[in-house]
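# Understanding the architecture of this molecule
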Amino acid sequence: MSTEALAEPPKNYEVRPKSSGQFEDDMGELLEVSMGPHHPSTHGVFRMDVVLDGERVVKLKPVFGYLHRNHEKIGEGASYLASMPYTDRLDYFCSMTNNWAYALSVEKLAGLQVPERAEYIRVITAELTRLVNHTCLMGFLVQDMGALGTPLMYAFREREKILDLFESLSGARMMCNYMRFGGCRCDLPTGWLEQAQKVVDEYPRFLDEYERLLMGNEILMARSQNVGVLPKELAVSAGITGPMLRASGVNYDIRKVDKYGIYDRFTFRVPLGDHGDVYDRLMVRLLEMRESLGILQQALKSIPDGPVVDPRAKLRGFKPKAGEAYGRIEAPKGELGFYLISDGSPNPYRYRVRPPSFVNLTVLEDMCLGHTVADVVIILGSVDIVLGEVDR
Amino acid sequence: MLGEGILKGMVETARNFAGSYVSKDRLTTVEYPEERIAPKENARQFPFLVFDGNDPMAGLRCVACQICEKECPPKCIYIEKSKDKKPDFVGKMQFYPATFDIDVSVCMSCQICVEVCPFDAIKMDQEYELSNDDRFGGLLLNKTRLAKSNEYYGKMHPQEAGAIDESRLKTKEAAEAKVKADAEAKVKAAAEAKAKEAQPPTAPPNKGA
Amino acid sequence: MKDLESIKQQIEAGVAGAQVSLVPNDSPANQPSLLVDAAHGLAVATFLRDEAELRFDYCSNVTGVDWMETEQKTKVKQVFDGEEKEVEQVVKMPGYLEAVYHLYSMELRHGPLVIRLRTKNRTDEVELPSLTPVWRSCEFQEREIYDLYGIVFAGHPDLRRILMWDEFKDHPMRKDYVEPDDYEYEPTPHDEVLAKSKAHYPAEVKP
């Protein structure tokens, strides 16, 4: 990283958005670059209009919508159940948590109860999803920094073990479509818990290995420390959630705050960062994975027997009473919320997704100002976006 | 020491490299066309229609109720009801699908059709090598291409198929018993009617149902 | 968190002239909301953020909702020539666009507080105050509402389309939005798309 960036920190620490086009007067000396939409570092079809002064970023506007399919309009035209498989495609790394967030909102709307065993299954699958997401993200981010291949392949190797678990549980590796309103679609197959236990027992070994491989690496530290600093006040005001918020030192984890599902039964800590830079975001995710493993160990030991779906929940002809509900969970990327308005018909009147990576992009410009183009790539990587969710 | 972290990382890479020769955990790839991993029991690809017996078209369980067509999120199922009816496995007259098409280029393998089907007529297949050079026609599966036997399904999901077969057998037996009972009752009623008609009885009541 | 009635009173005491009313919510979720008049929207939002007891420092979700014109039929008794008759009267309720904000407090860890702002109608008076100066998280979400619903947020620093392309004309999330015949030529068998595409590309599609 450049030492100048350290000496001259980004200027816009005040909590207020900048107006566009403030540099247009002296455009002659600046260079405008369009990064993306087809660029390996943008994690999908995502474009950034970057204005450069030499190699420094003076203005950056994210441009997206290339993957826009109006998920919300589709949701309003489909029945409640038919939207469930579409939620898999929002953040296609974390279909289980997407399912859960949607199911949670509908359960709030219709007043359904979830049986004990289903709650445990949900926690187990959600925490496994968190492992998948964070493991992959670390691989991608390191790849963005130039460590081509090796760390990403190690991450994918571990991810595959969890995806195998998902496949034997739900039938699909990524598009699980597993949760239903008032429970889960089917019970665990025989031997699944033992397999999951094995994966969970072996995972810390991989995390240790990964930590030895990467986190002490001088190049990685030089590239990521003090890069893309996100101050606490801005993070709160901009509605940043998830590991990014906690890396800035704000102790806010919806699993602790809302205690949705049965998260109040497990003991786990919320890792917090000090500086809010890219390195902190990496480290917070690594520590979060260790806490997830702790939750998994507790949940796998204490999962009870019983039904997995509320007997009152109907599959066909599901019509909740008129009203509205907002349900949210702590998805791996941040707060994933579903806002539903029912008018008593089989389709929701309003179906809204509050995507974490979309809102987290708000501060991309603030974090990138004053840094070089190479830093923009890793700052974007540390935001952890998935374009299926940003564009919807 | 500067470079210590890099060296440590290199040691990890070397360990993984060497380990990939001895440990299956470190080398998980499979050389695909030559070597295949057996699909998991729950794995799902695209739906197919189950038929009983030997004749695929006569034995289709589907009664063209069109619930799956309605519930399908991407609307990839297209059903046309038949004009006439044919007896189903219990002997009840039912419609059958004159056309049953699934556009697998649209299908997203969500399994909702399977969940909502009250007749166990549509199930998920595990066949995954479906690449085709005809983009539209080749991926539009019609009734004949969709129909697969109950034995095929039983091989994929032995427990599930067994349970379904058992419950179907029970329904069938119950229905047969009911038919039998009905017939007997009819005979009895007819006999009684006859007996009433011709008093005293001269001819034995032999014209039952 | 305090109950909605006392928050409402607190707002009315804290912000001069603000008109706040309670919107009930019958569903089991029990998340009633506060309807704030558009003229005082910004002041109320600032009050909610800065008041020490409330401290709603985190605006989680911003949504648009489109409420179409509705017709309410009521039976009214009227006297015609000394005879009382029941006459059906059709009252047209005007439609409006609505922006819904879900607020939480990260500091005091409570929420959600749902506030709603309504436009005067759905066609020409669709302006609402932008709350982006209060919560930065509204920046992209209000742009999205502007894009998909057509609510114009006064005071937004960078109000452009965000998901649709800049040249796009309509607002696709509105309930009366009519899809164009086809965005792209993509015939699927057994679909009305096929019929539409035949109309568009008669030479390309074989009968």
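Cut-offs applied
- Residues numbered from 1 in each chain as written.
- Chains lettered and ligands numbered in written order.
- Predicted model: local features only at pLDDT ≥ 70, side-chain atom pairs only at ≥ 80, totals over all residues.
- Heavy atoms only, no water.
- Helix = DSSP H or I, 4+ residues; strand = E, 2+ residues; numbered from the N terminus.
- Buried < 20%, exposed > 50% of the residue type's maximum accessible area, 1.4 Å probe, protein only.
- Contact = heavy atoms within 4.5 Å.
- Areas by Shrake-Rupley, 256 points an atom, 1.4 Å probe, with all protein chains shown as cover.
- Axes fitted to C-alpha atoms, helices over the stretch in contact; angles between N-to-C directions.
- Parallel < 35°, antiparallel > 145°, perpendicular 65-115°, else oblique.
- Left-handed = near helix turned anticlockwise from the far one by under 90°.
- Nonpolar A, V, L, I, M, F, W, Y, C, P; charged D, E, K, R; others polar.
- Buried area = accessible area lost by both parts, 1.4 Å probe.
- Salt bridge = Lys/Arg side-chain N within 4 Å of Asp/Glu carboxyl O.
- Pairing = 2+ DSSP bridges.
- pLDDT = per-residue confidence, 0-100.
- Lys, Arg positive; Asp, Glu negative; His and termini not counted.

The next thing to look at is the overall build of chain C. When helices and strands are counted, chain C shows four helices and nine strands. Listing the helices and strands of chain C from first to last along the sequence gives α-β-β-α-β-β-β-β-β-β-α-β-α. Residues counted as buried form 46% of the 207 residues belonging to chain C. Sequence separation of 24 or more characterises 52% of the internal contacts of chain C that already satisfy a separation of 6 or more. For chain C, the exposed area adds up to about 10600 Å²; of that, 50% sits on carbon and sulfur atoms.

All names here are of chain A. Direction vectors running N to C along helix 5 (residues 116-144) and helix 6 (residues 150-170) enclose 160°, while the axes themselves pass 9 Å from each other. Classified by the angle their axes make, helix 5 and helix 6 are roughly antiparallel. Here the hand of the crossing between helix 5 and helix 6 comes out left-handed. Residue-level contacts link Thr125, Leu128, Thr129, Leu131, Val132, Thr135, Cys136, Gly139, Phe140, Val142 and Gln143 of helix 5 to Pro151, Leu152, Ala155, Phe156, Arg159, Ile162, Leu165, Phe166 and Leu169 of helix 6. Along the lines of polarity and charge, the residues of the contact of helix 5 with helix 6 split into 14 nonpolar, five polar and one charged.

Next up on the list: helix 15 (residues 373-383) of chain A. Note: α-helices contain 3.6 residues per turn, so residues at a spacing of three or four share the same orientation. Residues and elements named next belong to chain A. Within helix 15, nine of the eleven residues are buried, which leaves the element mostly enclosed by the surrounding structure. Those residues of helix 15 that fall on the buried side of the exposure criterion are Asp375, Val376, Val377, Ile378, Ile379, Leu380, Gly381, Ser382 and Val383. Count one or two residues on from helix 15 and you reach aspartate 384, which has phi positive near 65°.

All names here are of chain B. Within the fold, leucine 60 resides in the loop between strand 1 (47-51) and helix 2 (67-71). For the pair leucine 60 and alanine 147, spaced 87 residues apart in sequence, the C-alpha separation works out to 7.3 Å. Among residues more than four places away in sequence, those in contact with leucine 60 are Leu49, Val50, Phe51, Pro97, Lys143 and Ala147.

Right, let's talk about the interface of chain C and chain A for a bit. With 47 residues of chain C at the contact, the number on the chain A side is 53 residues. Together, the buried faces of chain C and chain A total about 4100 Å²; carbon and sulfur atoms form 54% of this surface. Summed over the shared surface of chain C and chain A, the result is six salt bridges. Arg352(A) is the salt-bridge partner of Glu144(C), the closest N and O atoms lying 3.1 Å from each other.

So, about the sheet that holds strand 2 (residues 33-36) of chain C. All names here are of chain C. Pairing within the open sheet is mixed, and its five strands lie in the order 1-2-7-6-3. Bordering the open sheet on either side are strand 1 (20-23) and strand 3 (58-67), each of which pairs with just one other strand. On average, each strand axis in the sheet is inclined to that of its neighbour by 25°, with strand direction left out of account. Across nine bridges, the pairing between strand 3 and strand 6 (residues 96-104) is antiparallel. When the sheet's bridge partners are listed, tryptophan 67 is paired in strand 6 with tyrosine 96. Running at roughly 165° to strand 1, helix 1 (residues 4-14) makes contact with strand 1, strand 2 and strand 7 (113-118) of the sheet.

This part is about the confidence of the model for chain A. Keep in mind that low pLDDT regions are not for reading the predicted coordinates in detail. Looking at chain A, pLDDT values average 85 and 93% of them are 70 or higher. Scored below 50 in pLDDT, residues 1-23 of chain A makes 41 contacts in the model with residues more than four places away or belonging to other chains.

This part takes up the sheet that holds strand 6 (residues 147-149) of chain B. Residues and elements named next belong to chain B. The three strands lie next to each other as 4-1-6, forming an open sheet whose pairing is mixed. At either end of the open sheet lies a strand with only one pairing partner, and these are strand 4 (122-124) and strand 6. Averaged over neighbouring strand pairs, the angle between their axes works out to 55° when direction is ignored. Inspection of the sheet shows strand 1 paired to strand 4 by three bridges, in the antiparallel sense. Within strand 4, the position partnered with phenylalanine 48 by the bridge is lysine 123.

Below, the discussion takes up the side chain of Glu167(A). Along the chain, Glu167(A) turns up in helix 6. Among buried Asp, Glu, Lys and Arg side chains, Glu167(A) stands out as unpaired, with Lys40(B) the closest opposite charge at 4.1 Å. Those residues within four positions of Glu167(A) in sequence are excluded, and the remaining contacts are Ala172(A), Arg173(A), Lys40(B), Asn42(B) and Ala43(B).

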